Amino acid sequence: MEKTNVLFINHSVRDGGPGRSLFYILKYIDRDKIKPFVLVPKHDIFSENLKSERIFENVIVDPRFPENIQKSAMIADTRWAPGLVKVFSIILNIVNMVRLLFGSSEIIRANRIDIIYCNGTLAKILGTLIGKKNKKPVIWHVRNIQQTPFMKFLMQTLSGFGCVRKIICVSRATAEPFKKTQKKVHVVYNGIDPADFDRDSVRGSLREEFSLSSDAVLVGNTGRVVPRKGYIEFIDTVSRIVSQSNIGEKVKFVIVGDTPWFFPKDHLRELQDYAERLGVRQSFLFTGYREDVRTYLKDFDLFVIPSNYPDPFPRSVIEAMAFDLPVVGFSIGGIAEAVEDGQTGFLCPPGDFQKFGESISILVRDKRLRDKMGRKARCKVIEMCSASERTADIQKIILKVR
């Protein structure tokens, strides 16, 4: 049987959710049936991870493909006139993508590409146009829920193009906007390799690195530190917990991550200042960005996700669950599909940070309940998010398209 050559277009070169999810697909894809090619803007953690697994083959680096539409690699200094820099960056990036679009025939022809697989919002836009131009079928992997009316309209319009054959959504929540093209939609949860997030095989480093006592209860979160993630409200909640109970003395709230460079303001710094103003800075530990969060997750006792918007299906949640951690979050978006209320953690009504704080307090006080929920959480992740099984599902979809 002749192999199917698939061009995976991926703009997420850091170790974010989309990149990590694609990494597992490339790791477990059957190379006797599918020959993967990967188009990225530049070498970074994503490509380094491919090298570490010895699956760094057929990687195409093309700087005409921007990592972020609002930031251009050609503009080094963004301190002067940020508004103008943003406009110029968008213009330059659009020009470069048009150049890549018109030059795509060479890439398609040289590598005998059969299918274009789009991983990320920019990838979906560019990949769809490349597929239409070169008369190649396109598969979307939808990992987010668009928040602005323009992007919602654009995605719905492009999803109706004939070249877009299949739309793989990471949750039922992400599938919701594609009702008009629902015949194309398949829901496949993000994959995770349980062996990579096995508590027994990872040595914790957080307590040692920051001189935290062994009996301190660590309530943590990992991921991008951006405004929509609900961190301000989380700090407000911690402030109430500390002032209304005595658990604040034995609890440390840990935020692992930073604000990506393409955001106009450093939200991490804003959070540190805000915690200082509320008088709870000593209750928080802001670690900054870490390439590998596993040694920190190992030391967590409880994972919280304060996102109060339809988060599609956050990898941070299933990674925490794989580490035997119960999760406290809101019953909205893909989080409600990953966490089972009362069994693997607590789900609170959207926006109810009072309930959110109460749920944290219950689990902080009850180690036995944390352990029980954590064991169930890992079992659920293994059942619904096995990377090898989810990749097999995706592979079937790919092979049906050809």
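The structure under discussion appears in the preceding block.
Predicted, not measured: the structure shown is a model, and the values here were computed from it.

1. Here we look at the overall build of the chain
And step 1. Assigned secondary structure in the chain consists of 15 helices and 13 strands.
And step 2. Taking 402 residues into account, the globule formula puts the C-alpha radius of gyration at 21 Å, and the chain, at 22 Å, falls close to it.
And step 3. For the chain, the C-alpha atoms occupy an extent of roughly 65 × 50 × 40 Å along the three principal directions.
And step 4. Residue burial in the chain is summarised as follows: out of 402 residues, 56% are buried.
And step 5. Accessible surface, the chain as shown: approximately 18200 Å² in total, 52% of it carbon and sulfur.
And step 6. Each charge sign in the chain was given a centre, from 62 positive and 46 negative side chains, and these centres are 7 Å apart.

2. Looking at helix 8 (residues 231–244)
Owing to its 3.6 residues per turn, the α-helix aligns residues three or four sequence positions apart on the same side.
And step 1. In this model, helix 8 (14 residues) spans 20 Å end to end at C-alpha, consistent with the 20 Å of a helix rising 1.5 Å per residue.
And step 2. All buried positions along helix 8 are accounted for by Tyr231, Phe234, Ile235, Thr237, Val238, Ser239 and Ile241.
And step 3. Turning to helix 8, the residues buried within the fold contact strand 8 (217–222), strand 9 (251–256), helix 9 (267–278), strand 10 (284–288), strand 11 (302–304) and helix 13 (353–365).

3. Overview of the state of the cysteines
Here, disulfide denotes a covalent bond that connects the sulfur atoms of two cysteines.
And step 1. Under the counting rule described, the total for this entry stands at zero disulfides.
And step 2. Cys118 forms no disulfide, and the closest cysteine sulfur to it belongs to Cys163, at a distance of 8.6 Å.
And step 3. Residue class for Cys118 comes out buried when judged on its relative accessible area of 0%.
And step 4. With no disulfide partner, Cys385 has as its closest neighbouring cysteine sulfur the one in Cys379, 13 Å distant.

4. Some thoughts on the side chain of Thr287
And step 1. Structurally, Thr287 can be placed in strand 10.
And step 2. By relative accessible area, which is 8% here, Thr287 ends up buried.
And step 3. Setting aside anything within four residues of it in sequence, one finds Thr287 in contact with Leu206, Phe210, Val254, Ile255, Val256, Gly257 and Tyr296.

5. Some details on the sheet that holds strand 1 (residues 4–10)
And step 1. A sheet is described by the order of its strands in space; here seven strands give the open sequence 3-2-1-4-5-6-7, paired in parallel fashion. A strand with exactly one partner marks an edge of an open sheet, and here the two such strands are strand 3 (59–61) and strand 7 (185–187). This sheet shows a mean twist of 20° between the axes of neighbouring strands, independent of strand direction.
And step 2. Sheet topology note: the strand 2 (residues 34–40)/strand 3 ladder contains three bridges and is parallel. Each bridged residue has a counterpart across the sheet, and for Leu39 the counterpart in strand 3 is Ile60.

Each value, and the rule that gives it
Residues numbered from 1 in each chain as written. Predicted model: local features only at pLDDT ≥ 70, side-chain atom pairs only at ≥ 80, totals over all residues. Heavy atoms only, no water. Helix = DSSP H or I, 4+ residues; strand = E, 2+ residues; numbered from the N terminus. Rg over C-alpha atoms; globule rule 2.2 N^0.38 Å. Buried < 20%, exposed > 50% of the residue type's maximum accessible area, 1.4 Å probe, protein only. Areas by Shrake-Rupley, 256 points an atom, 1.4 Å probe, with all protein chains shown as cover. Lys, Arg positive; Asp, Glu negative; His and termini not counted. Charge placed at Lys NZ, Arg CZ, Asp CG, Glu CD. Expected span 1.5 Å × (residues − 1). Contact = heavy atoms within 4.5 Å. Disulfide = S-S within 2.5 Å. Pairing = 2+ DSSP bridges. Axes fitted to C-alpha atoms, helices over the stretch in contact; angles between N-to-C directions.

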